[in-house]
Amino acid sequence: MIERFEVHACPQLSKLPGMRRTDNPQPRRSRSFSLSPASAIVSWVCLLLFFVCGLAGCDRVGNSRYEQLMQDADNKSAQGDFGRAVNLYEAALDDSRRGAEVHYKLALLYDDKLNDSVSALHHFKRYLALNPNGPHAKDVKDSIKRDEIAALTTLSGDSVITRAEAARLRNENLTLHKQLEERATSRTALEKLERSEVKKAGSKKTGQTYVVQSGDTLFSISRKFYNSPKRWKAILEANRKSIRNPKDLTAGQTLVIP
């Protein structure tokens, strides 16, 4: 791009008092200034560098302001000035992953110190939206489940439990579940033991013997062990090899009582 600028001599200047006019006036002269394409490119590059450096400077200023706000907010929170800490944290918020950390700090402040589960729930969800796989994601998801219940409790007019209270109740529930499982295990073991004892008793009863006395019959023996004469056939079957005549038992003979 070439630009030209022309400067012309003014003939009227010769008419002014004190000005001398010659018979041979000088011809018009023109002067031109040109800007080469290379010079134009260099100018644009310089402007671009200046713009980039300006942005970098703004970014450094932004980071410095963010760090100062976070430090002041942390200090106020440690001093117990939670309202001022909330204001400082909110001033440091933006829609980046850096802002996700601020949302997490705000959520903890509302949850643990201010007992405001509704506000805590909002900031926990903003954290997941900005950094779903962040280092606090698991804790945030667990806190959201708890705070949703607490928020519903708040809306229904019931009392809201703190995080420490919720942790205590959760531990109590775990202990109770453990005790119930232990009781169920003990009950199962006791039932198994009882069944085993019954089986042992049954096996002992099945394997017991009786020595025939003078005057005994299968009916009397059945009545003696079973309180009924009807089991005489079972005694006979259990002793088929040793009883030759059911009506004539031999005294001193040993019988198996099933």
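Residues numbered from 1 in each chain as written. Predicted model: local features only at pLDDT ≥ 70, side-chain atom pairs only at ≥ 80, totals over all residues. Heavy atoms only, no water.

In total, this model carries four aromatic pairs according to the counting rule given. Ring geometry for F219 versus W232: centroids 5.3 Å apart, planes at 35°, classification tilted. Within this pair, whereas F219 is found in helix α7 (residues 218-226), its partner W232 is found in helix α8 (residues 232-238), the two being separated by 13 residues in sequence. When the ring centre of Y226 is taken as origin, the NZ or CZ atom of R231, which lies over that ring, is 4.2 Å away. (Phe/Tyr/Trp six-rings, centres within 6.5 Å; stacked < 30°, edge-to-face > 60°. Helix = DSSP H or I, 4+ residues; strand = E, 2+ residues; numbered from the N terminus. Lys NZ or Arg CZ within 6 Å of the ring centre and 35° of its normal.)

Averaged over the chain, the pLDDT score is 75; the fraction of residues at 70 or greater is 64%. The weakest mean pLDDT in the chain belongs to helix α6 (residues 163-206) at 69; the strongest belongs to helix α2 (residues 82-91) at 92. Residue range residues 1-16 is modelled with pLDDT below 50. Its contacts to residues more than four positions away, or to other chains, number 22 contacts. (pLDDT = per-residue confidence, 0-100. Contact = heavy atoms within 4.5 Å.)

Think of an α-helix as 3.6 residues a turn; residues three or four steps apart then line up on the same face. The first and last C-alpha atoms of helix α3 (residues 97-113) sit 24 Å apart over 17 residues, in line with the 24 Å expected at 1.5 Å per residue. Regarding α3, the residues found buried are G99, A100, V102, H103, Y104, L106, A107, L109, Y110 and D111. Of the residues trailing α3, N115 is marked for its positive phi of about 55°. (Expected span 1.5 Å × (residues − 1). Buried < 20%, exposed > 50% of the residue type's maximum accessible area, 1.4 Å probe, protein only.)

So, about the nonpolar core. Ranked by size, the top nonpolar core spans 26 residues in total, and within it Y89, F124 and V140 carry the most contacts. Looking at this core, the elements that each hand over two or more residues are α1 (37-79), α2, α3, α4 (117-130) and α5 (137-155). Here the element with the most residues in this core is α3; it accounts for seven residues. (Core = buried A, V, L, I, M, F, W, Y, C linked by side-chain atoms within 4.5 Å.)

Overall, the coordinates contain eight salt bridges when judged by the stated rule. Residues D74 and K105 are paired through a salt bridge, measuring 3.7 Å at the closest nitrogen-oxygen approach. Within this pair, whereas D74 is found in helix α1, its partner K105 is found in helix α3, the two being separated by 31 residues in sequence. Classification of D74 as partly exposed rests on a relative accessible area of 30%. A residue is classified by how much of its surface remains accessible, and K105, at 26% relative accessible area, is partly exposed. For R126, the salt bridge identified is with D95, shortest N-O distance 3.6 Å. With R126 in helix α4 and D95 in the loop between α2 and α3, this pair connects stretches of sequence that are 31 residues apart. (Salt bridge = Lys/Arg side-chain N within 4 Å of Asp/Glu carboxyl O.)

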